[in-house]
Every structure is written in structure tokens, then in C-alpha cells.
Amino acid sequence: SFGDVGAVSDVVDVSLAKVLAREVSDAIVAPGYEPEALDILKAKKKGKYLVMEIDPSYEPPAMESRENYGFTLEQEANRAKVTRELLANVVTARKAIPDDVVQTLLVTTIAVKYTQSNTVGLGYDGQVIGMGAGQQSRIHCTRLACGKAEKWLLQQHPKATGLPFKPGTSRVDKTSAVDYYLLWDELSDAEMEFMLSFLAEKPEPLTADERQEWIFRHDGIALSSDAFIPFRDNLDRASRSHVQYVVQPGGAVRDDLVTEAADYYGMVMAHSGIRWFLH
């Protein structure tokens, strides 16, 4: 809710500016702005909204460097392109990847490329819905990404969208209440009281069966990993979030066991051969 920055790859139009005008956001960066859109954004936060324009033709230097406690580390910049060719080497028994899922895998991989390692991302319907980043263990990345993805899906469950909010409840408070509602079994008494303060009556919680049934309605959930998946536990966890498509670099000692796990769950898995580490 705070410190949000919008990053846009195309010229910002009026429709996007109107959306951002009502959302909590502190800045935006984009290659250009329509005049009317710029006027809308200039008025946000009483004129204090930070609007930045980038040069879309800028090329970063070939070498990247990091300085830390007197040490300077250098490496070649990762200029590998995220293209459909990354999905050519399918190693599972199932091979077919629908075109819409190809797009989801590529979009998720682009996000993974620029996210702090270790990283696992989940995507659905052309967008990222869960990211587990900066963890010391890949299974923790997977757990984080899956948990976030499940929350994103469950926010759209009829029980969540139909919560009986009191008149006048703000959008921010509604968001908080939905978040608490989806964590029902984990709430303390104080947290439960806080959630109920926004509702006209106490709702029925989502059962475990309702959660799972809703998640498994969504076909085409995809996973991308920035480095090889070392153990099958990552796919065991991903299967509970109905992940059906996976792309990862491959190259682990236990690649065969990970592939066996993918086949066990009926997943399609491709080895891209490219690691996307960002440190």
C-alpha cells in the first residue's frame, strides 16, 4: 500500500493515468506520456507524484559491477533474450504447450530474470500471480510463490468477493479484510476482531476442499525458476497449486528425479539451458 512504483513499457495513456490516479502509488517510470495523461498524473498527491521518462533506446554497459565493503565484483551483463526457443527442449512425457501458456511462461521468465535470486515465479493467463524471491533455498522460493499465487486466485472466490462489508468501508480496508479472511485459520483473536470490524456479519470461512476446488478450476498455471530445480519437493509443492507447466534451466544432479516428479503430476517441463541469477 506504500512505496509503490509503476513501471510501463509503452506510452502511458489516459485510461492508465485514471487508474493510477486512484491507486496508492508514489512514482511512475515510462518511455512517454500522452499530454492529458501527464496532466492527470501531475495532479496526483497534490503535485508531488514523481513522473519519470526513460530513454527507450538506452543500452546498458556490457559489464556490470557491484562494490561492497571495498570489493568490486564484475560480470558480463545478462543480455540473453526470453524467447519461445527457451521452451524447445521439453523433457517430460507430455510435450504440448498451448500458445497462451507459452506467453505466460515467457512473461513469468522475464519477471524472474530481473528479480533477486533465488527466484521462482508463478504465472497465469499472461501475468505473474506469485513470486518467491531472494531466498536461500529454492523450495522456500516455491512455497512463497505458490502461497502468493493461491491467495491471488482465492481473492476471486465468490465467498471473498461477496464479503458483507459495512457501508463506507474504504478500498484499503476491504483489501486488508480479504487478506485476513483468506488467513482465517491462522488469525489471532485480535486479528479476527480487526477483520470483523469491517463486516456487517461474520462470514463463513473457506474450507480446505473449497480452496482446492477453486484453485484447480484454473488451467494453465505455469512456473519459471531462475536456476535448476534441485529436488522434486519443489514440484510436489507446485502440484498443490495446480502448476501444469514448468520452465527451468536444467543441469542438476537429480534432473532425472525431478523429471519423474513432473511426469507423475502430468506436468509439461522444458529445460531452457539458461540461468537467470540476479545478485
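Residues numbered from 1 in each chain as written. Predicted model: local features only at pLDDT ≥ 70, side-chain atom pairs only at ≥ 80, totals over all residues. Heavy atoms only, no water.

S.K.: What is the right way to read the pairing of strand β10 (residues 268-271) from this model?
M.R.: Both faces of β10 are covered, namely the face carrying V268 and A270 and the face carrying M269 and H271. Here strand β9 (residues 243-248) runs beside β10; their pairing, made up of four bridges, is parallel. Counted as the bridge partner of Q248 is H271 from β10. Handedness of the crossover joining β9 and β10 through helix α10 (residues 255-264) is recorded here as right-handed. (Buried < 20%, exposed > 50% of the residue type's maximum accessible area, 1.4 Å probe, protein only. Helix = DSSP H or I, 4+ residues; strand = E, 2+ residues; numbered from the N terminus. Pairing = 2+ DSSP bridges. Right-handed = clockwise from strand over helix to strand, strands pointing away.)

S.K.: For this particular structure, what's the right way to read the pattern of salt bridges?
M.R.: If charged atoms from side chains of opposite charge come close, those side chains can pair. Enumeration according to the criterion identifies 10 salt bridges in this entry. A salt bridge links D226 to R138; the shortest N-O distance between them is 2.7 Å. Placement of D226 in the loop between β8 (221-225) and α9 (233-240) and of R138 in helix α4 (residues 138-154) is noted, with a sequence separation of 88 residues between them. Beyond isolated ion pairs, a larger network of salt bridges with shared partners links R22, E23 and R171. (Salt bridge = Lys/Arg side-chain N within 4 Å of Asp/Glu carboxyl O.)

S.K.: Whenever I open this one, the sheet that holds strand β3 (residues 50-53) confuses me. Can you help?
M.R.: Note: strands within a sheet are paired through backbone hydrogen bonds, in either parallel or antiparallel orientation. On the basis of which strands lie adjacent, the open sheet formed by three strands has the order β1-β2-β3 and parallel pairing. Either end of the sheet is taken by a strand with one partner, and the two such strands are β1 (5-7) and β3. Going across the sheet, the axis of each strand differs from the next one's by a mean of 10 degrees, ignoring polarity. Sheet topology note: the β1/strand β2 (residues 27-30) ladder contains three bridges and is parallel. Across the sheet, residue G6 finds its bridge partner in β2, namely I28. (Axes fitted to C-alpha atoms, helices over the stretch in contact; angles between N-to-C directions.)

S.K.: Looking at this model, I keep getting lost on a negative patch on the surface. Mind explaining?
M.R.: On the surface, a cluster of negative charge is made up of D10, D13, E34, E36 and D39. The residue E34 is located in the loop between β2 and α2 (35-42) in this model. Owing to a relative accessible area of 33%, E34 belongs among the partly exposed residues under this scheme. (Patch = residues over 30% accessible without salt bridge, like charges linked within 9 Å, V, L, I, M, F, W, Y side chains within 5 Å. Areas by Shrake-Rupley, 256 points an atom, 1.4 Å probe, with all protein chains shown as cover. Lys, Arg positive; Asp, Glu negative; His and termini not counted. Charge placed at Lys NZ, Arg CZ, Asp CG, Glu CD.)

S.K.: How do you make sense of the sheet that holds β10 when you look at a structure like this?
M.R.: What the five strands build is an open sheet, ordered β7-β6-β8-β9-β10; its pairing is mixed. In the strand order of this sheet, the two ends are held by β7 (127-133) and β10, each with one partner. Strand after strand, the sheet turns through a mean of 15 degrees between neighbouring axes, direction not considered. As judged from the four bridges shared by strand β6 (residues 119-124) and β8, these two strands associate in the antiparallel manner. Opposite V120, over in β8, you have S225 as the bridge partner.

S.K.: Explanation requested: unusual backbone geometry in the structure shown.
M.R.: Trans peptide bonds make up most of the peptide bonds, and negative phi angles are found at most residues other than glycine. For the peptide bond that leads from S117 to N118, omega is -10 degrees, which places it in the cis range. Of note, N118 is situated in the loop between α3 (99-113) and β6. Of note, K45 is a non-glycine position whose phi angle comes to about 55 degrees, a positive value. Within the element layout of this structure, K45 appears in the loop between α2 and β3. Located in the positive-phi region is Y69, a residue other than glycine, with phi close to 50 degrees. When you line up the elements, Y69 lands in the loop between β4 (63-68) and β5 (71-76).

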